Protein chains: 2
Amino acid sequence: MPHPNDPKLRSFIDVDATSDFPIQNLPYGVFSSKDGLAPRVGVAIGNYVLDLWELEQDSRLDVGALGVFAGPTLNAFMALGPKVWSQTRARISELLRHDNPELRDNSELRSRALVPMANVKLYLPIAVAGYTDFYSSREHATNVGVMFRGKDNALQPNWLHMPIGYNGRASTVVVSGTKVRRPRGQLKPPTAEVPSFGACKRLDFELEMGFVVGQPSKMGEMLTESQAEEMIFGFVILNDWSARDIQQWEYVPLGPFQGKAFGTSISPWIVTREALEPFRVHGPAQDPAPLPYLKQAQANNYDLQLDVGLRTPAMNEAMRISRTNFKYMYWSSVQQLVHHASSGCAMNVGDVLGSGTISGPDKDARGSLLEISWNGTEPIELPGGAKRTFLEDGDSLVMRGWCQGDGYRVGFGEVEGTILPAE
Amino acid sequence: MPHPNDPKLRSFIDVDATSDFPIQNLPYGVFSSKDGLAPRVGVAIGNYVLDLWELEQDSRLDVGALGVFAGPTLNAFMALGPKVWSQTRARISELLRHDNPELRDNSELRSRALVPMANVKLYLPIAVAGYTDFYSSREHATNVGVMFRGKDNALQPNWLHMPIGYNGRASTVVVSGTKVRRPRGQLKPPTAEVPSFGACKRLDFELEMGFVVGQPSKMGEMLTESQAEEMIFGFVILNDWSARDIQQWEYVPLGPFQGKAFGTSISPWIVTREALEPFRVHGPAQDPAPLPYLKQAQANNYDLQLDVGLRTPAMNEAMRISRTNFKYMYWSSVQQLVHHASSGCAMNVGDVLGSGTISGPDKDARGSLLEISWNGTEPIELPGGAKRTFLEDGDSLVMRGWCQGDGYRVGFGEVEGTILPAE
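This section reports on the structure supplied with the text.

Rules used throughout
Residues numbered from 1 in each chain as written. Chains lettered and ligands numbered in written order. Predicted model: local features only at pLDDT ≥ 70, side-chain atom pairs only at ≥ 80, totals over all residues. Heavy atoms only, no water. Helix = DSSP H or I, 4+ residues; strand = E, 2+ residues; numbered from the N terminus. Rg over C-alpha atoms; globule rule 2.2 N^0.38 Å. Contact = heavy atoms within 4.5 Å. Areas by Shrake-Rupley, 256 points an atom, 1.4 Å probe, with all protein chains shown as cover. Lys, Arg positive; Asp, Glu negative; His and termini not counted. Charge placed at Lys NZ, Arg CZ, Asp CG, Glu CD. Least-squares fit on C-alpha atoms with pLDDT ≥ 70 in both. Expected span 1.5 Å × (residues − 1). Buried < 20%, exposed > 50% of the residue type's maximum accessible area, 1.4 Å probe, protein only. Pairing = 2+ DSSP bridges. Phe/Tyr/Trp six-rings, centres within 6.5 Å; stacked < 30°, edge-to-face > 60°. Lys NZ or Arg CZ within 6 Å of the ring centre and 35° of its normal. Salt bridge = Lys/Arg side-chain N within 4 Å of Asp/Glu carboxyl O. 1 Å grid on protein atoms, 1.4 Å probe; cavity = no way out; pocket = protein on both sides within 12 Å on 5 of 7 lines; lining within 4 Å. Points joined across faces, edges and corners; volume = space filled by probe spheres on them. Nonpolar A, V, L, I, M, F, W, Y, C, P; charged D, E, K, R; others polar.

1. A word on the overall build of chain A
When helices and strands are tallied, chain A shows 11 helices and 26 strands. In terms of overall size, chain A behaves like a compact globule, its C-alpha atoms giving a radius of gyration of 22 Å where 423 residues would be expected to give roughly 22 Å. Its C-alpha atoms put chain A at 70 × 55 × 35 Å along the principal axes. Within chain A, contacts between residues at least 6 apart in sequence are counted, and of these 72% link residues at least 24 apart. Element-wise, carbon and sulfur atoms account for 49% of the exposed surface of chain A, whose accessible area totals about 15500 Å². Both charge centroids of chain A, one from 40 positive and one from 48 negative side chains, sit 2 Å from each other.

The following block contains the structure:
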């Protein structure tokens, strides 16, 4: 049987070469069809969603635990572990192949199990156990450092020695399409004597990838590189909405709190680690060499292109304001997870770890408005003459990402969010 | 019917005047008896645990949702809201009163529903949704500030304007009695050129109170003082174990991460907000006046005495190393919750919010070894001549807390933890 990543595989479902969801991808999500079925687990294939709960009930798919796909999250499936993840993906690939009549020629099952993507509603695909946000792009950390501390002290002394991160707020991780309300908070611009409370004036996005932990680790135990890798179920695009002015006044000495707590958006489809395998690349050289617990024997970065678009209420379509690549990250996801557990911190099924803002070496590869507008001093010019330094009410932010194969893409779809005015 | 807080109430169960669990308290926990029953919800009364699931099955207790007390956490009960909390406590009080024969004279039910405390195992009483740690004692923040920045810059500029806090790690919140492994991590003492990875050398505790959020708030919405108060289910004693050396090297600019992620211990009994009502007091005067969203119309502090004891393997009993009071906190729990939700951050049933280290005005009222040993320069002398600046392997830390009524105490029991050596 060919491997599910085989570039030659074809499905009996027509999939365009620019689609994010060819048979080589098979990302997992949670959906309901508009005819009112309860949310359940599905896989994206071309313009369709394959209903895994229907396949399970029809005995076409057996993961050894009936009902795993019937629920509104992927957590029960993830808990079954990497062998089951791999076997399940292989079986789904088999069912969708152009040369397998099992589903292709069973029109009754097909009509139950294949739902046009246009007819579904997508949900947050996991119950988020914990949300942690890293800060692992050297270009981003340097840009921010230069802005606030000058060129000579841009990187903090610890930055090159470990993946710096903080615990974020899991309760406000939401799925693409969820509107995000402009937060209120304490603001104290440098010119003000005392703080005031009001609507954020410097509302920003941060382009990140997130990964989903699918297996637990125990309190008191560390992880090796290979243990950490095996625990990673898959990846999403992540928008870490940020209120720069709230953050600036609150963050010394305990870090970001309300400036990052009002919303984090993720794309609805979790692309499995296995599907990204063909796109592994080495990250940037790490100098100084990481301490032994952070050493990597493998290439743990991914060649994954990322686009950010901004659409104001006056625009018909989004304008691209950034194009970058996940491969630029200095610290890999595996290193982040190893470091996260290094003190004996238990990891849980459903933990989401954000990469940190992904900026690249070029000026057009910056992953936040803070950097794109250079702290508000270089506004973006939009079609029609409007300008933006930070986000205004009604603005929509759209991120897309994909790995480019030979004649196909392994893509993530998009994560979109629109800003509601402060209450 | 007398109010459950009435100091004159007596139970048919003998309760000593120094017991933490008179009929005026009735704290909730999760227990199993040694004869192998599954964990379920109980209430502490004197030296007994009252099995609420037995009472529910016997139709003596009806909260409108059967099975709420059968599970291993209090979350389902908390979700029912403050009216049910109050009605349930009143009913339990009624059942335990000396002048009510219902349970008192039903020896069959009594033998099923009253389990000697000595025969039970106690569990983490809630599924912790999120864990947030504040920094709200002015004395603690000042002590730490003086040590690291000198007297003139002790308090950060934002400290007097809002309750400073950060998101902690919910996955390692554990119940009293859970052993805590000394963490490993990156260490870079000021004298070292480069960091190394190894066992923490400056392991500390932090004496805190935690409160448990029992009702949710919506993403995008703020809370008023009274809304926040109504959401608080109850309080626990909380030990925020801290690796000072790991924290010191990692915390700029995103705050504590692995230095606080390896364990947080809480006491097993949740004392309800209602039981603490008679012990409300005003906190310290707040100057400057808080911004309007943080203003308090009520006294939201509690006169709650706290003791910390240290027991080394060579000692038979713990020696008291601190005595302080929860009333000293500058920012109240209600203000912390209002601030936490101020950006529109959704709060969930089962969120735990730590007060921050509780230090008092006197030298013997310091809530951490960092302060007690003044950053390691003034060791504690223990019986037998041993000394401590920070915790050593095998050391046990015991915290107790209670509100003193007239002839009775509303107490928390204890939170205990013993340090295991690094692996």
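2. Thoughts on the relation of the copies chain A and chain B
In the superposition of chain A on chain B (RMSD 0.0 Å, axial shift 0.0 Å), the rotation amounts to 180°. Both copies are brought into coincidence by an operation consistent with a two-fold rotation axis. If distances are taken from each C-alpha of chain A to the rotation axis, the shortest is found for A:G255, at 2.1 Å. Most of the interface of chain A is mirrored in chain B: 100% of its interface residues are interface residues there too.

3. Focus: helix α3 (residues 82-96) of chain A
The terminal C-alpha atoms of α3(A) lie 21 Å apart, and with 15 residues this matches the ideal 21 Å at 1.5 Å per residue to within 8%. A:V84, A:W85, A:T88, A:R89, A:A90, A:R91, A:I92, A:S93, A:L95 and A:L96 are the residues of α3(A) that are buried.

4. Quick notes on the pairing of strand β20 (residues 305-311) of chain B
Residue and element names in this part refer to chain B. Where burial is concerned, most of β20 is hidden: five out of the seven residues are buried. The sheet contact formed by β20 and strand β21 (residues 319-325) spans six bridges and is antiparallel. The residue of β21 that forms the bridge with L306 is T324. Where β20 meets strand β25 (residues 396-404), seven bridges bridge the pair, whose relative direction is antiparallel. In the strand pairing of β25, D307 is matched with R400.

5. Let's talk about the sheet that holds strand β21 (residues 319-325) of chain A
Spatially, five strands are ordered β9-β26-β25-β20-β21 (chain A) in an open sheet, and the strand pairing comes out mixed. Strands at the two margins of the open sheet, each flanked by one partner only, are β9 (180-181) and β21 of chain A.

6. Points about the packing of aromatic side chains
Given two aromatic rings, one states the distance between the centres and the angle between the planes to describe the pair. The full count for this structure, using the stated rule, is 27 aromatic pairs over all chains. Its end group placed over the ring of A:W402, A:R409 keeps NZ or CZ at 4.2 Å from the ring centre.

7. Concerning the environment of A:G168
Residue placement: A:G168 occurs in the loop between β7 (165-167) and β8 (173-175). Measuring from C-alpha to C-alpha, the distance between A:G168 and A:S19 comes to 33 Å, with 149 residues separating the pair along the chain. Dropping the residues within four chain positions of it, A:G168 is found in contact with A:Y131, A:T132 and B:N167.

8. Details of the pattern of salt bridges
Here the structure, examined in full by the defined rule, presents 56 salt bridges over all chains. Between A:R97 and A:D99 there is a salt bridge, and its shortest N-O distance comes to 3.1 Å. Overall, the relative accessible area of 15% leaves A:R97 in the buried class. The residue B:R112 makes a salt bridge to B:E108 at a minimum N-O spacing of 2.7 Å.

9. Let's talk about the sheet that holds β20(B)
Judged by pairing direction, the sheet is mixed, and its five strands sit side by side in the order β9-β26-β25-β20-β21 (chain B) without closing on themselves. The open sheet terminates on both sides in strands that have one partner only, identified here as β9 (180-181) and β21 of chain B.

10. Let's talk about empty space enclosed by the protein
Tallied over the entire structure, the rule returns seven cavities of 30 Å³ or more. Lining the largest cavity, in full, are A:G220, A:M222, A:S342, A:S343, A:G344, B:R181, B:R182, B:P183, B:R184, B:A422 and B:E423. Reported here for the second largest cavity is a volume of approximately 60 Å³. Its residues assigned to classes, the lining of the second largest cavity comprises two nonpolar, four polar and four charged.

11. Looking at unusual backbone geometry
At the junction of B:V252 and B:P253, the peptide bond is cis and its omega measures out at 5° in the coordinates. With respect to the helices and strands, B:P253 occurs in the loop between α8 (244-250) and β16 (264-266). Cis geometry is found at the peptide bond from B:D287 to B:P288, where omega equals 5°. Among the secondary structure elements, B:P288 is positioned in the loop between β18 (280-281) and β19 (301-302). With a phi angle near 60°, A:S59 is a residue other than glycine that sits in the positive phi range. With respect to the helices and strands, A:S59 occurs in the loop between α1 (52-57) and α2 (75-78).

12. A word on helix α10 (residues 333-340) of chain B
Residues and elements named next belong to chain B. Where burial is concerned, most of α10 is hidden: eight out of the eight residues are buried. Within the span of α10, buried status applies to S333, V334, Q335, Q336, L337, V338, H339 and H340. On the buried face of α10, the contacting elements are β6 (131-134), β7 (165-167), β13 (207-213), α7 (225-231), β14 (232-239) and β22 (352-354).

13. Let's talk about the pairing of strand β2 (residues 40-45) of chain B
Residue and element names in this part refer to chain B. With six of its six residues buried, β2 lies for the most part within the structure. The alternating pattern of β2 places R40, G42 and A44 and V41, V43 and I45 on opposite faces, both of which are buried. Looking at chain direction, strand β1 (residues 28-33) and β2 are connected through four bridges and run antiparallel. Within β2, the position partnered with G29 by the bridge is G42.

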